[in-house]
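Here are the chains, one letter per residue:
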Amino acid sequence: MSTGLRIVVVYPDLLGTYGDGGNGLVLARRAEWRGIKASLHQALSADPVPMGDLYCLGGGEDGPQVRAAAALRQDGTLVGAVERGAAVLAVCAGFQIVGTTFPDANGSGRAGLGLLDVSTVKGTGPRAVGEVVADITAAGAGPLPTLSGFENHAGVTRVGPGAEPLATVRRGIGNGGGDASEGAVAGKVLGTYLHGPVLARNPALADLLLGWATGGQLVPLDDHEEAALRQERLAVGRRSPSGMARTRRRISRALRR
Ligand code: GLN
């Protein structure tokens, strides 16, 4: 494998819903734009998981999610890499997989990887589907701008004492346990229910992960296009029609700059 920052998208053939593979691309581009040498690897489930510095796991349907968890447990590389200091972004099914237990399609508990102290059960209510707006609360994530994303899941996730919730939802469901929490973080492992892809909508979150993986200070980038996307999505999340119209006018002006 090449040198530089090794970014690995884990099992895009199983965990590839909602364009979550785009998170890997965002990380690789934001590294390259800063002159940080980075390589992006798509780790298919039939192959051994490569060693990496930063792993991305995406969302998936119940069946592929069970297969992905079993294969990752057997492979062992991801767990070993985290023990050696690798960073992880885990989204939705990926978030559930890095936890201790998650439900299969019948609601029976399956073993996760135990990288994050969260456990997931099947919810009794309707699926959580829609736009999410959430404010970061985790000390481990530092001060970051409000998160924007999209969720679609049946699982309800409880955050245990070994991790802290990532954020509090202003709009949407998030972890779904009735405490308005969304996602979780412990060390360099960060889980969230947010698709989008979440790093395209929240470049500051991408930079948090890049900082963890490189251990260095990152120079700021010109994010005015990303900021425009965020404004538009946050306005959708807040669902105010007049606010939406104002935001769209502001975005058109910003993008003409
Ligand atoms: N299968 C999981 C659930 O429904 C995860 C779904 C997803 O990744 N979008 O909770």
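For the structure itself, consult the block above.
Anyway, here's the lowdown on the structure attached to this text. (Residues numbered from 1 in each chain as written. Predicted model: local features only at pLDDT ≥ 70, side-chain atom pairs only at ≥ 80, totals over all residues. Heavy atoms only, no water.)

### So, the packing of aromatic side chains
Here is the rule: Any two of the Phe, Tyr and Trp rings considered here, Trp counted by its six-membered ring, make a pair once their centres fall within 6.5 Å; the pair's planes then place it as stacked at under 30 degrees, edge-to-face at over 60, or tilted in between. Numbering of helices and strands starts at the N terminus; helices are DSSP runs of H or I of at least 4 residues and strands are runs of E of at least 2. Note on exposure labels: buried denotes an accessible area under 20% of the residue type's maximum, exposed denotes more than 50%, and partly exposed covers the range between, all computed with a 1.4 Å probe on protein chains only.
Under the criterion given, the structure shown has two aromatic pairs. Between the aromatic rings of Tyr18 and Phe150, the centroid separation amounts to 5.7 Å while the plane-to-plane angle is 65°, which identifies the pairing as edge-to-face. Placement of Tyr18 in the loop between β1 (5-10) and α1 (22-32) and of Phe150 in strand β9 (residues 147-153) is noted, with a sequence separation of 132 residues between them. For the ring pair Phe95 and Tyr193, a centre distance of 5.2 Å and an interplane angle of 80° mean the geometry is edge-to-face. Residue Phe95 is found in helix α4 (residues 93-98), and its partner Tyr193 is found in the loop between β13 (189-192) and α5 (198-201); the two are separated by 98 residues along the sequence. Each member of the pair Phe95 and Tyr193 is classed as buried.

### What to know about the sheet that holds β9
Our working definition: Two strands are counted as paired when DSSP detects at least two bridges linking them. Working convention: axes come from line fits to C-alpha atoms, limited for helices to the stretch in contact. Angles between N-to-C directions cover 0 to 180 degrees. The contact rule is simple, with two residues in contact once any of their heavy atoms fall within 4.5 Å.
Judged by pairing direction, the sheet is mixed, and its nine strands sit side by side in the order β2-β1-β3-β4-β13-β12-β11-β8-β9 without closing on themselves. Lying at the two open borders of the sheet, with one neighbouring strand each, are β2 (38-43) and β9. Each neighbouring strand pair of the sheet contributes to a mean axis angle of 25°, computed without reference to strand direction. Alignment of strand β8 (residues 128-136) against β9, held across seven bridges, turns out to be antiparallel. Within the sheet, the bridge partner assigned to Glu131 lies in β9 and is Phe150. Against the sheet, helix α6 (residues 203-214) makes contact with β1, β3 (54-57), β4 (87-91), β9, β12 (181-186) and β13, and its axis sits at roughly 160° relative to β13, the strand it touches most. Together, β8, β9 and β11 (164-171) form the strand contacts of helix α7 (residues 224-238), whose direction differs from that of β8 by roughly 115°.

### A word on the site of the ligand
Selection criterion: The rule for a residue being near a molecule or strand is that one of its heavy atoms must lie within 4 Å of it. Pairs of N or O atoms are called polar contacts if they sit within 3.5 Å, as long as, within protein, a hydrogen donor faces a hydrogen acceptor (for residues adjacent in sequence, only side-chain-to-side-chain pairs). Note that accessible areas follow from Shrake-Rupley with a 1.4 Å probe, and for residues the cover is restricted to the protein chains shown. Under the scheme applied here, ten amino acids are nonpolar (Ala, Val, Leu, Ile, Met, Phe, Trp, Tyr, Cys and Pro), four are charged (Asp, Glu, Lys and Arg), and all others, including Gly, are polar.
Around the ligand, a shell composed of 14 residues is seen, among which Gly60, Asp62, Cys92, Asn152 and Gly155 lie nearest. Arg127 is positioned with one of its side-chain polar atoms (N or O) 3.2 Å from an oxygen atom of the ligand. Asn152 is positioned with one of its backbone polar atoms (N or O) 2.9 Å from a nitrogen atom of the ligand. Out of a free accessible area of 300 Å², the ligand has 95% covered by protein chains. At the level of secondary structure, the elements contributing two or more residues to the shell around the ligand comprise α2 (62-75), α4 and β9. Per-class residue counts for the shell around the ligand are four nonpolar, eight polar and two charged.

### A short note on the pairing of β1
What counts, and what does not: Handedness of a crossover: with both strands directed away from the viewer, a clockwise path from the first strand across the helix to the second marks it as right-handed.
Within β1, five of the six residues are buried, which leaves the element mostly enclosed by the surrounding structure. Of the strand pairs in this sheet, β1 and β2 are connected by six bridges, and their pairing is parallel. Among the inter-strand pairings, Val8 is bridged to a residue of β2, identified as His41. Tracing the backbone out of β1, into α1 and back to the parallel element β2 gives a crossover that is right-handed.

### A look at the pattern of salt bridges
Two side chains carrying opposite charge are able to pair once their charged atoms lie near each other. As a reminder, the rule being used: Within this document, salt bridges are pairs made up of a side-chain nitrogen of Lys or Arg and a carboxyl oxygen of Asp or Glu, the two lying within 4 Å of each other.
A full pass over the atoms with the stated rule returns 11 salt bridges. One salt bridge connects Asp207 with Arg34, and the closest N-O pair in it is separated by 2.8 Å. Note that Asp207 is positioned in helix α6 and Arg34 in the loop between α1 and β2, a separation of 173 residues in sequence. Residue classification places Arg34 among the buried positions, given a relative accessible area of 14%. Via salt bridges that share partners, Arg30, Arg34, Asp207 and Asp223 belong to a single interconnected network.

### What about the environment of Arg253?
With respect to the helices and strands, the residue Arg253 is situated in helix α8 (residues 241-256). When its relative accessible area of 47% is taken as the criterion, Arg253 is described as partly exposed. Measuring from C-alpha to C-alpha, the distance between Arg253 and Ala228 comes to 9.7 Å, with 25 residues separating the pair along the chain.

### Concerning the nonpolar core
Put simply, the rule is: To define a nonpolar core, start from buried Ala, Val, Leu, Ile, Met, Phe, Trp, Tyr and Cys residues and group those joined through side-chain atoms within 4.5 Å.
In terms of nonpolar packing, the biggest core is built from 69 residues, with Tyr55 and Leu57 touching the most fellow members. Considering each element in turn, this core owes the most residues, seven residues, to α6.

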